[in-house]
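Residue-level structure breakdown
Each chain, letter by letter, is given below.
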Amino acid sequence: MRIAISTGGRDLEKFVDDRFGRCPYFMFCDSEDPMGTAEYKDNPALAGTGGAGIAAAEYMAKEKVEVLITGSLGPNALRVIEAGNIPAYTASESMTLTEAIKAWKEGHLLKISEAGAAHAGER
Amino acid sequence: MRLAVLSGKGGTGKTTVAVNLALSWAPYRITTYVDYDVEEPNGFIFLRPQIQSSSTVFLPYPKINGACTLCGKCSEACQYHALAVVGGQVLVFPELCHGCGTCGIVCPVDAVDEVKRSLGQIDVGERDGVQCLQGVLKEGESLAGPVIRELRHLEKKHISQVEEVIVADCPPGSSCSVIHSAEDSDLALLVTEPTLFGLHDLKIAVRLMREMGLDFGVIQNKDDGGTLIREYCTQEGITLLGSIPFDLEIARIYSRGQSLMNEPKWADLFKTLGERIVTEVNLRKTRGERA
């Protein structure tokens, strides 16, 4: 499955970024082979003045992401992610990308079903 | 004659100055007071005008019709991300939409209809010969711009006489809202207070006035007799138009939501200040004509 994780670094040993719309990068990989397939892309929503969560969520759909792992989603981002039928899971910022993928595979990550605070990532 | 009352820092006394100036001019000149601080308009608390009419300010936003092919051009073009094309549908976020209409222009199949939502309102009233206008942004809304624009439009329609005085009570800060409220004025009155915060934000407001090329002067409120503001004005060659003392009685009257006009001492102070402002505007006009 194609996974996307919000992150601050371009390495599987870097940490999950708990901001969704305002994270610097997204890591995309196939869940069966993260090492072999991981690619990192700049978050296209980062520079915008507003609606970053919406733009990032739309980007997930464009990238045909099947599973999203991030910190939390604001109300607007969640609406887009749900419309795109992309299951989203919450991971802690203390997890590396490798650990987050492993935790998701083992069913330890909670599914995001409620929106977090709006504008939480603007810091 | 259009006067913009602004401050940089909030709470320095913009509304006190604007309301009392308007009331003191009203017996001699056709006077209009306009509250442009649409996020928290408070001039009407002191003016208590008889409201004659209210109108709603609308903002258009897109509604996608059945012709849509999900091409995504609207979402790509929207810099506010008010549209998202996902999961076989177009999601619209009206609260992010600035009403620019770009989505409709770029749509190749005419699938964007325009609907509108209410953003705020404008009230028009009268009190003691002062025409009173105010814009009110709806709670929870963040776009003050369209309400200010509409109010500005109404202000222009309202005035006919050249001798008329318009007192524009502007928002605090130095953002777009301030610029749109203050531009095209004959003189900006920068209301400040003798505190370090007051001076700091006054400097920002002065920079804005110079950037905009707007004539301005300073009014010192809560004057404690100190030299902080006076020295700055002298150094910068800025006209200090007047001073309102730091006085408990003024604070008391203000806290009751009353104007200062009932107290002869303060009525005189504002009359003098008003005359000074008129002189200043005329002086600058003659200077400008000569140049």
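This write-up is about the structure you can find in this document. (Residues numbered from 1 in each chain as written. Chains lettered and ligands numbered in written order. Predicted model: local features only at pLDDT ≥ 70, side-chain atom pairs only at ≥ 80, totals over all residues.)

For chain A, the count of helices and strands is four helices and six strands. When the helices and strands of chain A are listed from N to C terminus, the series reads β-β-α-β-α-β-α-β-α-β. Per-residue burial for chain A yields a buried fraction of 41% across its 123 residues. Considering only intrachain contacts with a sequence separation of at least 6, the fraction spanning at least 24 residues in chain A is 53%. (Helix = DSSP H or I, 4+ residues; strand = E, 2+ residues; numbered from the N terminus. Buried ≥ 20, exposed ≤ 12 C-beta atoms within 10 Å, placed from the backbone. Contact = placed C-beta atoms within 7 Å.)

Residues and elements named next belong to chain B. Reading across the sheet, the nine strands line up as β3-β6-β7-β2-β8-β1-β9-β10-β11 and stay open at both edges, with mixed pairing between neighbours. The open sheet terminates on both sides in strands that have one partner only, identified here as β3 (50-64) and β11 (240-245). In this sheet, adjacent strand axes meet at a mean angle of 20 degrees when their direction is disregarded. Judged from the four bridges that link them, strand β1 (residues 2-6) and strand β8 (residues 165-169) form a sheet pairing that is parallel. (Pairing = 2+ DSSP bridges. Axes fitted to C-alpha atoms, helices over the stretch in contact; angles between N-to-C directions.)

In this section: the environment of B:Met1. Residues and elements named next belong to chain B. Looking at where methionine 1 falls in the secondary structure, it is placed in the segment before β1. Considering only alpha carbons, one finds methionine 1 and glycine 198, 197 residues apart in sequence, at a separation of 27 Å. Filtering out sequence-adjacent residues up to four positions away, methionine 1 remains in contact with Val165, Asp186 and Val281.

All names here are of chain A. A sheet is described by the order of its strands in space; here six strands give the open sequence β3-β2-β1-β4-β5-β6, paired in mixed fashion. Across the chains shown, the open sheet's two edge strands, defined by having one partner strand only, are β3 (39-42) and β6 (110-111). Both strand β1 (residues 2-7) and strand β2 (residues 25-30) contribute to a ladder of six bridges, which runs antiparallel. Following the sheet pairing, serine 6 is matched in β2 by phenylalanine 26. On top of the sheet, helix α4 (residues 97-105) reaches β1, β2, β4 (67-70) and β5 (88-90); it is set at about 135 degrees to β1, its chief contact.

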